[in-house]
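Secondary and tertiary structure notes
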Amino acid sequence: MANYRLTPNEEKYWEFIRILRTTDGIAQGFIKQNNISPIKQKEYMLKYNQCFRICLDGNIPVGYVGIIDDDIRVATHPDHQGKGIGSFMINEVMKDSPSAVAKVKIDNKASLKLFEKCGFKLKYYLLEKE
Ligand SMILES: CC(C)(COP(=O)(O)OP(=O)(O)OC[C@H]1O[C@@H](n2cnc3c(N)ncnc32)[C@H](O)[C@@H]1OP(=O)(O)O)[C@@H](O)C(=O)NCCC(=O)NCCS
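In short, a report on the structure. (Residues numbered from 1 in each chain as written. Predicted model: local features only at pLDDT ≥ 70, side-chain atom pairs only at ≥ 80, totals over all residues.)

1. Some details on the sheet that holds strand 3 (residues 60-68)
Sheet strands pair by backbone hydrogen bonding; their relative direction is either parallel or antiparallel. Taken together, four strands build an open sheet; the order of strands is 1-2-3-4 and the sheet is antiparallel. The open sheet is flanked by strand 1 (4-8) and strand 4 (71-76), the only strands paired with a single partner. Averaged over neighbouring strand pairs, the angle between their axes works out to 25 degrees when direction is ignored. In this structure, strand 3 lies alongside strand 4, joined through six bridges in antiparallel fashion. By the bridge assignment, Tyr64 is partnered in strand 4 with Ala75. Sheet contacts for helix 1 (residues 14-22): strand 2 (52-57), strand 3 and strand 4; angle to strand 3, the most-contacted strand, approximately 85 degrees. (Pairing = 2+ DSSP bridges. Helix = DSSP H or I, 4+ residues; strand = E, 2+ residues; numbered from the N terminus. Axes fitted to C-alpha atoms, helices over the stretch in contact; angles between N-to-C directions. Contact = placed C-beta atoms within 7 Å.)

2. Quick word on the site of the ligand
In the vicinity of the ligand lie 22 residues, with Gly29, Thr76, Gly86, Ser87 and Ala110 positioned nearest. The element that contributes the greatest number of residues to the shell around the ligand is helix 4 (residues 109-117), accounting for six residues. Grouping the amino acids of the shell around the ligand by side-chain chemistry returns eight nonpolar, nine polar and five charged. (Near = placed C-beta within 6 Å. Nonpolar A, V, L, I, M, F, W, Y, C, P; charged D, E, K, R; others polar.)

Rendered as structure tokens:
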């Protein structure tokens, strides 16, 4: 754990975020299934760059966390999952954004477990018509 740290987002991490966000097995964890092109990512990051932080293990990016309008998004690289990186990222960002919330897909067990472990409680159901 000692080697993990959060660093501010920078342009050099935009592709890391895009690739991780669209990786098979990661993308399905998110509510929206976007096919994000590098150009779309650039447009998005020009607007939201400062909302994201990158988790580094030494100098290697291993995950990211973002909070936009108090809505948390988080991902850990598949090679580094289950080592406490997700919990580390959430606990760190909650220090600055204590009112942030997570919208989690009902079948996303890893994410539910992560947020429960970080002290989040189920407060709402979000119902959608299929
Ligand atoms: C959710 C995610 C960020 C968790 O990251 P992580 O670095 O593996 O998280 P941690 O190692 O801190 O694990 C947190 C808890 O979740 C549990 N967990 C992790 N992966 C799990 C899985 N696949 N199934 C069940 N529990 C899981 C861990 O065991 C741990 O609980 P424990 O300490 O009681 O054992 C990661 O699985 C991920 O990137 N998923 C895809 C993207 C996603 O769904 N993001 C959330 C959308 S907001």
